[in-house]
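A look at the structure
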Amino acid sequence: MSQRSYDLIRHLRQGGPKSPAELAKRFDVSERTVRTDVQEANRLMRGSARIARSRNDRGRLVYDLIISDEQALGILLARAAEVSVKRLPATPAERVSYLIDRLLLGDDWVTLDELSEQLHVSRASISGDLKGVEAVLTPFGLTLERRPRYGIRVQGSEMSRRRCLAEHLSEKDDGGRPSCFVERIAGEAWADCISACVNEAIRNEKYEVNPDAYENLLAHVAVMLARVRGGSVMPMAASQLEAILQTREYAVASRLAELIEQRMGIALPAEEKAYVAVHLAGKRTLPAGPDDEGDGGLIISDEVWDTVSEMIDVVWHAYRFDFRNDLELRMNLARHLVPLEVRLKYHMKIRNPLLDDTKAQFALAYSMALDASSVLAEKCGSPLSEDEVGYIALSFALALERLKTSLPKKRVLIVCASGAGSAKLLEYRYLREFGDYIDDIRVCNVRELDSIDYGQVDYVFTTVPLSRKLPVPVREITYFLDSGEVGSVRRMLARQDDGEVVGYFDERLFFPHARLSEKREILRFLCERVGEVHETSGDLLDLVLRREEAVSTSFGNNVAMPHPLEAVSDENFVAVCVLDEPVVWDEFGRTVQLVFLISVTGNASIDFYGSMAELLMSKKAVEELICDQRWETLVSLLESFDVCASH
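Because the structure is a prediction, the values reported are computed rather than measured.

Before going further, it helps to spend a moment on the nonpolar core. Within the largest apolar cluster, 68 residues are counted, with the highest numbers of intra-cluster contacts made by Val133, Ile194, Val221, Leu225, Ile260 and Leu280. Setting aside residues up to four positions removed in sequence, Val221 forms contacts with Ile194, Val198, Leu256 and Ile260. Of all hydrophobic cores here, the second largest spans 67 residues; its members include Val304, Val308, Val600 and Val635.

In structure tokens, the structure reads:
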């Protein structure tokens, strides 16, 4: 049985009569092979339709699909779309994928003997593969129902079945050309048609879909059509349907349904249009201003606005960064929350292709987003995925950048060995490169250092080594700035004046080679040790545990940065625990071997958190400290990541 024969049927059904030459070019085969495929297709359709040869108006020979039983043909193609028959799965993982597709797309019972015959493996192999199938089904609330003499089938809601299948298909996308996972259940022609219909509908309705979620939308539409053609319809309560009917998304979904019926011959009931509308709402890109032609501007409900306020308050209490008057951050979060709440309500997932880069480059913002997302997790009853947290982190990253640009400008002194000409050249170059950070810049030679009023200087940059210690940070520089030096100087000028990061640490709160095996035990140990060194208000352990219950503080790099819901001491402190063996830290199964318990009062800066976040996200640094669990190693690493430290 050839998959190409099914694709041939779909192609003629969608595109109308085609010449042998056109079909040969379309499928990259010879015209003789086309004739063979036509014969096989007629055998497969068995009376529901047939491919006939005829002459068109121009007298050219064409193949035309003559349908006698539309419903029977639809069922045949839906079942054929269940799995790709280009080759039999050869490995256990491939068989698991095959079985998931087969069981989720169909509602019928299937016996292990039938599956064994189809896959050319033993019943024992199928039984083993079904354990992998159940592992995929379980997170979606789906189970395998078994009945003697009947076989097996998937038991669970229609929504869960579709979610599982769409996400399973999306996960198997190997980064190839767009929509290749849709082709797995639909064939190339059907996938192209789905994509064309979606594009035309959202373009005609001037509806913006998040580019990162576009492929997932195609997958859900393809799964919906496969289920509808197989006779399954999404059940929906009348009250819920009535509410969706009034939305703009339903109008877009209705237009999409019209195009699908015109081009694919599949009629979608109101429930399925509502189902598409839900996915559109969860994947929408909302306008950045009031000039959105379709909606007349974004209207943010009081509920969304209050949620944003809670998120910002959580960050204030945990990090002492005050974004409460940052209107741009509020608007960015609010625009993101509108489709996000739809995704959370219907347990929809979205992929974030920027996640790894976001965690690496904006580690502090990602940590803030983890805390802020606890508000949404509490409201929705489940934690947010890392992909969703990553999108929230981008809003906080922008807010942090705005904080940096609002810092006071610095007063700079440049020291040269001699020669006013070279000093003036350096002055000009520094103003050109770092003018946004400099309020005043002066130049002098080494002999003039004693006459300088250092109360009017924030930093000294010198081209020669100085034999005396100055009361302000000093950095040696070269006449010719390279890219690394430019970045280092810029970070130095952008810093806040709150001391070096290593100053937050205390050797009395450094605990290497800890033999603790459970998260609560580790947190209790650290909190008790902190109590021996610092006077704390309230129950530190309770505040830390409550924070952990809201959302995990694991960075996913074998490290965790737990902290209380609010400051508990007049002093900043960091307690460090290095475990000899990793422990499971959260429900996602992430392991941790390096724990930093942090509490800040309100004078810790963006530099402290930025340095800490960069350190915790550095795989090399984490591995170095775990392998060499000495206080000196920690200090060295802190200094290397300290953007505040002078050189």
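Next up on the list: the packing of helix H11 (residues 214-229) against helix H14 (residues 270-282). As a packed pair, H11 and H14 sit with axes 10 Å apart at the nearest point and diverge in direction by 165°. On the basis of the axis angle, H11 is roughly antiparallel to H14. Crossing of H11 over H14 shows right-handed handedness. Within the contact between the two elements, H11 uses Leu217, His220, Met224 and Val228 and H14 uses Glu272, Tyr275, Val276, His279 and Leu280.

The pLDDT averaged across the protein chain works out to 80; a share of 85% of its residues lies at or above 70. The low-confidence segment residues 173-180 (pLDDT under 50) makes 9 contacts with residues lying over four places distant or belonging to another chain. Between residues 288-298, whose pLDDT stays under 50, and residues either more than four places distant or in other chains, the model counts 16 contacts.

A cluster of basic residues, Arg32, Arg35, Arg53 and Arg55, forms a positive patch at the surface. Listed by contribution, the elements that provide at least two residues to the positive patch are helix H3 (31-45) and strand S1 (49-55). Counting through the fold element by element, Arg55 comes out in strand S1. For Arg55, a relative accessible area of 61% gives the class exposed.

The next subject is the side chain of Asp586. Summarising the element assignment, Asp586 is placed in the loop between strand S11 (573-584) and strand S12 (591-599). The exposure class of Asp586 is buried, given its relative accessible area of 8%. At 2.9 Å, the side chain of Asp586 and the side chain of Arg590 are in polar contact. The contacts of Asp586, once residues within four sequence positions are left out, are Ser552 and Ser554.

If you walk through the whole model with that rule in mind, you get 32 salt bridges. Notably, a salt bridge pairs Arg630 with Asp628, separated by 2.8 Å at the nearest N-O pair. For Asp628, a relative accessible area of 27% gives the class partly exposed. Taken together, the shared-partner salt bridges in this structure form one network comprising Asp107, Glu158, Arg161, Arg162, Arg227 and Glu272.

Our next topic: the packing of aromatic side chains. Counted by the stated rule, this structure contains 8 aromatic pairs. Centroid distance Phe505 to Phe596: 6.2 Å. Interplanar angle 85°. Geometry classified as edge-to-face. Residue Phe505 is located in strand S9 (residues 505-514), and its partner Phe596 is located in strand S12; the two are separated by 91 residues in the primary sequence. Summarising the burial analysis for this pair, Phe505 and Phe596 share the class buried. Through a chain of ring-to-ring contacts, three or more aromatic side chains come together here, namely Phe321, Phe323 and Phe396. Positioned above the aromatic ring of Trp316, the side-chain terminus of Arg324 is 4.3 Å from the ring centre.

Right, let's get into unusual backbone geometry. The backbone of Arg149 shows a phi angle near 70°, a positive value even though the residue is not glycine. Owing to a relative accessible area of 82%, Arg149 belongs among the exposed residues under this scheme. Residues other than glycine seldom take positive phi values, yet His513 does so here, at roughly 50°. Relative to the helices and strands, His513 resides in strand S9.

A word on helix H22 (residues 519-533). The α-helix winds at 3.6 residues per turn, so residues separated by three or four positions along the chain end up facing the same way. Taking 1.5 Å per residue as the helical rise, H22 with its 15 residues ought to reach 21 Å, and the 22 Å between its terminal C-alpha atoms agrees with that figure. Among the residues making up H22, those that are buried are Lys519, Ile522, Leu523, Leu526, Cys527, Arg529 and Val530. In an axial view of H22, the angular spread of the buried residues amounts to 165°, which keeps them on one side of the axis. Buried residues in H22 make contact with S9, helix H23 (540-550), S11 and S12. The backbone nitrogen of Arg520 has a side-chain oxygen 3.0 Å away, supplied by the residue at the start of H22, namely Glu518.

On to the sheet that holds S9, then. Strands sit in the order S9-S11-S12-S10 across an open sheet of 4 strands; the sheet is mixed. One side of each edge strand has no neighbouring strand; the edge strands of this open sheet are S9 and strand S10 (559-560). With 4 bridges connecting them, S9 and S11 associate as parallel partners. The partner of Phe510 across the bridge, within S11, is Val576.

Turning next to the pairing of strand S4 (residues 151-155). One ladder, built from 5 bridges, connects strand S3 (residues 143-147) with S4; its direction is antiparallel. When the bridges of S4 are listed, Thr143 appears paired with Gln155.

It is worth spelling out the environment of Leu615 at this point. On the secondary structure map, Leu615 appears in helix H24 (residues 606-617). Judged by relative accessible area, Leu615 falls into the buried class, the value being 4%. Taking the C-alpha atoms as reference, Leu615 lies 9.2 Å from Ala363; in sequence the two are 252 residues apart.

This part takes up the environment of Trp109. Checked against the element boundaries, Trp109 lands in the loop between helix H5 (92-105) and helix H6 (112-119). The contact partners of Trp109, leaving out residues within four places of it in the chain, are Glu114, Glu145, Arg146, Arg147, Tyr150, Gly151, Ile152 and Arg153.

About the cut-offs
Residues numbered from 1 in each chain as written. Predicted model: local features only at pLDDT ≥ 70, side-chain atom pairs only at ≥ 80, totals over all residues. Heavy atoms only, no water. Core = buried A, V, L, I, M, F, W, Y, C linked by side-chain atoms within 4.5 Å. Buried < 20%, exposed > 50% of the residue type's maximum accessible area, 1.4 Å probe, protein only. Contact = heavy atoms within 4.5 Å. Axes fitted to C-alpha atoms, helices over the stretch in contact; angles between N-to-C directions. Helix = DSSP H or I, 4+ residues; strand = E, 2+ residues; numbered from the N terminus. Parallel < 35°, antiparallel > 145°, perpendicular 65-115°, else oblique. Left-handed = near helix turned anticlockwise from the far one by under 90°. pLDDT = per-residue confidence, 0-100. Patch = residues over 30% accessible without salt bridge, like charges linked within 9 Å, V, L, I, M, F, W, Y side chains within 5 Å. Areas by Shrake-Rupley, 256 points an atom, 1.4 Å probe, with all protein chains shown as cover. Salt bridge = Lys/Arg side-chain N within 4 Å of Asp/Glu carboxyl O. Lys, Arg positive; Asp, Glu negative; His and termini not counted. Charge placed at Lys NZ, Arg CZ, Asp CG, Glu CD. Polar contact = N/O pair within 3.5 Å; in protein donor to acceptor, adjacent residues only side chain to side chain. Phe/Tyr/Trp six-rings, centres within 6.5 Å; stacked < 30°, edge-to-face > 60°. Lys NZ or Arg CZ within 6 Å of the ring centre and 35° of its normal. Expected span 1.5 Å × (residues − 1). Arc of directions from axis to C-beta. Pairing = 2+ DSSP bridges.

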